[in-house]
Every structure is written in structure tokens, then in C-alpha cells.
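Chain by chain, the residues run as shown.
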Amino acid sequence: MRRQRQATGVQDLVGTVQALWRYPVKSMLGDTPSQLDVDPRGIRGDRAYALWDHASGRVASAKNPRLWQGLLGYRARFREEPTPAAPLPPVLIAPREDDGSAGLCSGEDDVDAFFSELFGRRVSLLDTPPEGASLDQYWPPVKERAFQDVTNALELPEGTFFDACPIHAITTATLERLRQLEPQLDFAVERFRPNLLIATPPESSGFVEEGWSGACLQIGEQLVLRVDGGCPRCVVTTLAQGALEENLEILRATARHNGVVAGIRLSVVSPGPVAVGDPVRLLP
């Protein structure tokens, strides 16, 4: 029986964790630890903070780049690693260029004043989502989408700063397929802001992770995530961030070749750690 379980595990191996990301402040650049802890809410510390716009009564998000694209010019990281059953530690915020400046700390009084002056609007850095929190999302002119050059509201899952799901992953196979279809474009993984990059075997090709919808992934020894479906992309994939330049064709190409979907949405079935190099197995 033991040998049978091991053989099944080998058969169901669909990849390994190649990289991890956590974004302590919504719509800012994050950090790339080699290991993260996942609790029932999602990755501990992910989207733990967000700026709140007092004028609109909404969460500030780069999904509305006309107001908030500048958030992607900043990188956030925790001063200490978050631990279970303890308040989240303060988050440090600095320009993405990492020029050695002192930056800001979420526990200091001048954070709200700094970002209010930067955006010309009164904002506050929150670590608790207001009831019924929502954000504005802009839909650029991409003909395959239902909305064209309009902005509408997106209500966030209760008690979170997530857009729709607690965890997002994408595979190397999907990125490679997009590069094959549109080799002139830079489909850098950072544009898609995943939590996990899953390296798939060489024989895997195409948008393989969408075939996992409805099943679960076991990652490492403990973590089990349910695949809730494909992840529709938004304007954020097209925006300048880090060393990447603004390019609307990224989203248009994703729409042309895969219905604007790239990657998968995941929710937590069994919490546990996840580390670079962990095997990823597909469960029924």
C-alpha cells in the first residue's frame, strides 16, 4: 500500500515551486522570501495593508491607474517576519529603486501625510479592511473584454484587501506559451504579480494550470490549495513596475490567445508552509 501511494504521488507531480512573492501593502511591490507560511486566510502578511482614499471611500489600487499607478513605485516589506497568533509587525516602505533612503514605517505618524501629499488626496494606511470595502478598477480598450475604457467598482472579499482570491499562481508553461505566441513582448512573471511561480516539467506546454480547475494542489507535505479557476487579467499587467515599461499589448495579447486569462486562483484547504523547491502534486 505504501509503494502504491508513492507511485501515485510521482504520477501526479505537476511541477515545483520556483519562486514566491508576498505583497504586504496592496498594489505596491513586495518581497520574495524563500519560504512563506499559509494560514486559512492565505499567505501570512499578504495584502495586510492598504491605502484608504477618504474622498471616494474606496481602497487605493493600481487597478485604477489614473489615480494610483504611483503605488507601484514603492516596495513594502515587513520589519520582522510575521508569526502565528501575533499582531503583524510594522511594514517598511521605500522607493522601488532601493536607493538606500530611510523610507517609511507603518508605525510612524508621517506615513499618511506622505502619501496624501504624494497623491494630492487624503489617504490613510490601514491594516483592517472597512466593512464593505471596494476599489475602482479601470478597463482599458481591449476589444475582447466586455468593458471598454470605463471604470467600475469591485467589492472585495469580506475582511480582506484581496481582489477576489487569497492566493494566485502561474506556471512557467503559461509564460512560455505567451512568449511563443508573441515573442516581441516581455511577459515577465512580475507583471502578473503572483504569489507562486510553478515550474512545470519540460513536456508540459500551453495554459496547463487551467486544466487543474476544481481539483486541489498539495504543495510540500502539508499545504493543500483548491484551484478555483483561471485568473482573468487586468490593467495592472500593462503598467510600468520595477524595471518593466508600460505596455498595453501585454493585456491585449493575453486576451487574443486565452480569453484574457493567465494563471489560476487558489483558496486554502489545509494550511501549511510553502518553500522554493517544494513539489506540487495534483489531487483529485
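Look up a bit, the structure's there.
In what follows, the accompanying structure is described. Note that the structure is a prediction, hence the values are computed from the model and not measured.

1. Regarding the overall build of the protein
Counting its regular elements, the protein contains 5 helices and 18 strands. In summary, the protein has a C-alpha radius of gyration of 19 Å against a globular reference of 19 Å for 284 residues, a match within 12%. Expressed along its principal axes, the backbone C-alpha trace of the protein runs to roughly 60 × 45 × 40 Å. Put simply, 70% of the contacts in the protein that link residues at least 6 apart link residues at least 24 apart. Taken as a whole, the protein presents about 13200 Å² of accessible surface, with 49% of it coming from carbon and sulfur. Distance between charge centres in the protein, computed from 29 positive and 37 negative side chains, equals 5 Å.

2. A word on the pairing of strand E14 (residues 216–219)
Taken together, the 4 bridges between E14 and strand E15 (residues 223–232) define a ladder with antiparallel strand orientation. Bridge pairing in E15 links Leu 217 to Leu 225. Linking E14 back to E15 in an antiparallel pair, the connection comprises 3 residues, with Gly 220 at a positive phi of about 70°.

3. A few points about the pattern of salt bridges
Taken as a whole and judged by the stated rule, the model has 15 salt bridges. As a salt-bridge pair, Glu 81 and Arg 22 come within 2.8 Å of each other at their nearest N and O atoms. Here Glu 81, found in the loop between strand E6 (74–78) and strand E7 (91–95), pairs with Arg 22, found in the loop between strand E1 (13–20) and strand E2 (35–39); they are 59 residues apart in sequence, far enough to count as distant. Take Glu 81: its relative accessible area is 45%, and that puts it in the partly exposed class. Where Arg 44 meets Asp 39, a salt bridge forms, and the shortest distance between an N and an O atom there is 3.7 Å. For Arg 44, a relative accessible area of 14% corresponds to the buried category. Relative accessible area serves as the criterion here: at 19%, Asp 39 is assigned to the buried category. Connected through salt bridges with shared partners, the residues Glu 182, Glu 249, Arg 252 and Arg 256 form a single ionic network.

4. Thoughts on the packing of aromatic side chains
The full count for this structure, using the stated rule, is 6 aromatic pairs. An angle of 20° between the planes, with centres 6.4 Å apart, marks the rings of Phe 115 and Phe 119 as stacked. Of this pair, Phe 115 and Phe 119 both sit in helix H3 (residues 110–119), separated by 4 residues, roughly a single helical turn. As far as burial versus exposure is concerned, Phe 115 and Phe 119 are alike and both buried. By way of ring pairs, the aromatic residues Trp 68, Tyr 74, Phe 114, Phe 115 and Phe 119 are connected into one cluster. Lying over the aromatic face of Tyr 23, Arg 193 brings its terminal NZ or CZ to 4.3 Å of the ring centre.

5. Here's the deal with the nonpolar core
Counting 21 residues, the largest nonpolar core has Ile 167, Leu 196, Leu 217, Ile 219, Leu 266 and Val 274 as its most contacted members. Elements with a minimum of two residues in this core: E1, E2, strand E12 (167–171), strand E13 (196–199), E14, E15 and strand E16 (261–270). Counting 19 residues, the second-largest nonpolar core is a separate cluster that includes Met 28, Ala 60, Trp 68 and Ile 93.

6. Looking at the sheet that holds E14
Pairing in this closed barrel of 7 strands is mixed, and the strands run E1-E13-E12-E16-E15-E14-E18 around the ring. On average, each strand axis in the sheet is inclined to that of its neighbour by 40°, with strand direction left out of account.

7. Considering the pairing of E16
Of all the 10 residues making up E16, 7 are buried; the element is thus mostly covered by neighbouring parts of the structure. In the sheet, E12 pairs with E16 via 3 bridges, with the strands oriented antiparallel. Its bridge partner being in E16, Ala 169 is matched across the sheet by Ile 264. In this sheet, E16 lies alongside E15 in antiparallel orientation, the contact comprising 7 bridges. By the bridge assignment for E16, Gly 230 is matched with Ile 264.

8. Details of helix H5 (residues 249–258)
When we look at burial in H5, the residues that qualify are Ile 250, Leu 251, Ala 253, Thr 254, Ala 255 and Asn 258. Along its buried surface, H5 packs onto helix H4 (172–181) and E16. Note on H5: the residue one or two positions beyond its end, Gly 259, has a positive phi of about 60°.

Reading guide: rules and limits
- Residues numbered from 1 in each chain as written.
- Predicted model: local features only at pLDDT ≥ 70, side-chain atom pairs only at ≥ 80, totals over all residues.
- Heavy atoms only, no water.
- Helix = DSSP H or I, 4+ residues; strand = E, 2+ residues; numbered from the N terminus.
- Rg over C-alpha atoms; globule rule 2.2 N^0.38 Å.
- Contact = heavy atoms within 4.5 Å.
- Areas by Shrake-Rupley, 256 points an atom, 1.4 Å probe, with all protein chains shown as cover.
- Lys, Arg positive; Asp, Glu negative; His and termini not counted.
- Charge placed at Lys NZ, Arg CZ, Asp CG, Glu CD.
- Pairing = 2+ DSSP bridges.
- Salt bridge = Lys/Arg side-chain N within 4 Å of Asp/Glu carboxyl O.
- Buried < 20%, exposed > 50% of the residue type's maximum accessible area, 1.4 Å probe, protein only.
- Phe/Tyr/Trp six-rings, centres within 6.5 Å; stacked < 30°, edge-to-face > 60°.
- Lys NZ or Arg CZ within 6 Å of the ring centre and 35° of its normal.
- Core = buried A, V, L, I, M, F, W, Y, C linked by side-chain atoms within 4.5 Å.
- Axes fitted to C-alpha atoms, helices over the stretch in contact; angles between N-to-C directions.

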